[in-house]
Amino acid sequence: MKKRHLIIGAGNAGLNAAITIARLKPEDEIEIISHEPWAPYCRCLLTYFLEGIITKEKLFTWGEEIIAKNRLIYRQNERVINVDLENLIVECENGRQAGADTILIATGGKPQKPDFPGAELPGIFTLRTFADALAIEKRVRPGGCWAVAGAGLVSLKTIAALRRHGIKIDLFATSARILSQVLDPYAARLAATKLTDNQVTINVNEDIIKATAAPDSQLKLTTSHGRELLVDGLLYGKGVNAASPLGSSDISHDDWGAAQSSAPKPWQETQDGIPVNSHLEFKKNLFAAGDTAQVFDLVRGESNRLPLWPLAGEQGLVAGFNMANANLKDSPPTRLYTGGISCNAFSIFGLDFISAGYREVPTDENGWHSLKQKKGDSYSRLNFYQNQLKGFILSGSGITGSGNIRKAGPLLARMKREALSRQ
Ligand SMILES: Cc1cc2nc3c(=O)[nH]c(=O)nc-3n(C[C@H](O)[C@H](O)[C@H](O)COP(=O)(O)OP(=O)(O)OC[C@H]3O[C@@H](n4cnc5c(N)ncnc54)[C@H](O)[C@@H]3O)c2cc1C
């Protein structure tokens, strides 16, 4: 019997689910809703668009081709504001209601917004959408000066783009080092040296606490150390929360939870995303995948948000498979999501890094040890718990360094194999 599937969100999770359903059930109807006013695109490439490496046309080719090839009904510029969990009906901001046999929530993440005085002034940005990238592009003045608050990966990718326009950068980190989520102190120092060599001033343990308008459309920023600086713009990159059209009560009252984990954490308390079981279902025939979902973290053995592009795609494939095969009466869906491993690959002015799983070892637990090797900017650190590989950091540049970086594939495979053998 022909079924109707509704996918909220046109990111990597949503599109991979749609492709999978279209392949398995060509007769089914698939509708995708996105609140952005254009075709789907890969948001990882936004900083390359800002850098001038990727054109606007190229950015959208991916999504346009998927929609055309898979005969998807694509509704852009439409925001879902509610999901009726019992009847599987979504309600949109424009008043439209749409029902389906299965629904996937793949609404991604929402950047945290600044809340200091003056945070609403023109010139203060987050970067998540193409609209954000266009607004930043408009503000960029070659040879100008910007501040960046938050020293995570999106901030660092944006810094590379801004430097390409000759912009001087002041980077502010609340913590004592940059990239504290993905590097250990030694690797963070390697990254920091690269940044300072490329005219990025790093200010650790310091925050922006106030902004005021200044002449020539500039901003005057005040820091927690009482310093003031004049900038053309501020990028605020302090992390991303899950974006979900479900109300907090829908989630906190859910009794499914991630199959392999302890009870799901309440939404309002943690903002941690939609808890799903190992079929990526939140409720019968209602699925969640990608940055908005709380899935099983293979290395940590608990439910987590793992907001990464490849993992969103993997989860989309699994959710799509289970949506396509959802027998509305009896049998449960059949494809399992065994879990994901957080892994980041990035480059800072020619120095490449890959890190995964536990980047450091917990100091309050026995049974951990690390193996480290350092030679110039080539660094490798492997972290073990009871002789099982639980995480690593690799860095290197040029031909010598690329040998080090290439170890990442086998290491990741080993981590996954060892984690799965414990299940
Ligand atoms: C600048 C940047 C660089 C990045 N670089 C990397 C990288 O190098 N490597 C990496 O692994 N990850 C990177 N990421 C993260 C990666 O982009 C995300 O993990 C990935 O896009 C998540 O995919 P998703 O499908 O879950 O959600 P998203 O890509 O966020 O898509 C969400 C979709 O949901 C829609 N939506 C949201 N709310 C609603 C609503 N209420 N109604 C209707 N539609 C809605 C949106 O319009 C969008 O179509 C980067 C992110 C950014 C912003």
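Residues numbered from 1 in each chain as written. Predicted model: local features only at pLDDT ≥ 70, side-chain atom pairs only at ≥ 80, totals over all residues.

Taken together, three strands build an open sheet; the order of strands is β18-β21-β22 and the sheet is mixed. Edge positions in the sheet fall to β18 (274-275) and β22 (302-304), since each has one partner strand and no second. Bridge analysis of strand β21 (residues 293-297) against β22 gives three bridges, and the strand direction is antiparallel. Within β22, the position partnered with V295 by the bridge is N304. (Pairing = 2+ DSSP bridges. Helix = DSSP H or I, 4+ residues; strand = E, 2+ residues; numbered from the N terminus.)

So, about the site of the ligand. In the neighbourhood of the ligand, 34 residues make up the surrounding shell, with G9, G11, A13, G108 and G290 lying closest. Every element with two or more residues in the shell around the ligand is listed here: α1 (12-24), α2 (46-51), α5 (153-164) and α9 (309-324). Partitioned by chemical class, the residues of the shell around the ligand number 17 nonpolar, eleven polar and six charged. Residues lining the shell around the ligand come from more than one domain, with at least three contributed by each of domain 1 (4-111 + 241-324) and domain 2 (124-238). (Near = placed C-beta within 6 Å. Nonpolar A, V, L, I, M, F, W, Y, C, P; charged D, E, K, R; others polar. Domains from an automatic or database assignment.)

It is worth spelling out the nonpolar core at this point. Within the largest apolar cluster, 113 residues are counted, with the highest numbers of intra-cluster contacts made by A17, L104, A191, L234, F287 and A289. Residues in contact with L104, not counting those within four places in the same chain, are I7, I8, G14, A17, F287, A289, A319 and M323. (Core = buried A, V, L, I, M, F, W, Y, C linked by C-beta atoms within 7 Å. Buried ≥ 20, exposed ≤ 12 C-beta atoms within 10 Å, placed from the backbone. Contact = placed C-beta atoms within 7 Å.)

We now examine the sheet that holds strand β16 (residues 233-236). Reading across the sheet, the five strands line up as β9-β16-β10-β11-β12 and stay open at both edges, with parallel pairing between neighbours. Either end of the sheet is taken by a strand with one partner, and the two such strands are β9 (124-125) and β12 (200-204). Here strand β10 (residues 145-149) runs beside β16; their pairing, made up of four bridges, is parallel. Note that in β16 the partner of A149 across the bridge is Y236. Against the sheet, helix α6 (residues 185-197) makes contact with β11 (168-173) and β12, and its axis sits at roughly 135° relative to β12, the strand it touches most. (Axes fitted to C-alpha atoms, helices over the stretch in contact; angles between N-to-C directions.)

This brings us to the domain arrangement of the protein. One frequently used descriptor of interface size is the decrease in accessible area upon assembly of the parts. As assigned here, the protein comprises domain 1 (4-111 + 241-324), domain 2 (124-238) and domain 3 (350-421). Placing the centre of domain 1 and that of domain 2 at their C-alpha centroids yields a distance of 30 Å. The interface is formed by eleven residues belonging to domain 1 together with 13 residues belonging to domain 2. Looking at which element gives the most residues to the side of domain 1 that touches domain 2, the answer is α2, with five residues. The residue inventory of the side of domain 1 that touches domain 2, partitioned by class, reads six nonpolar, two polar and three charged.

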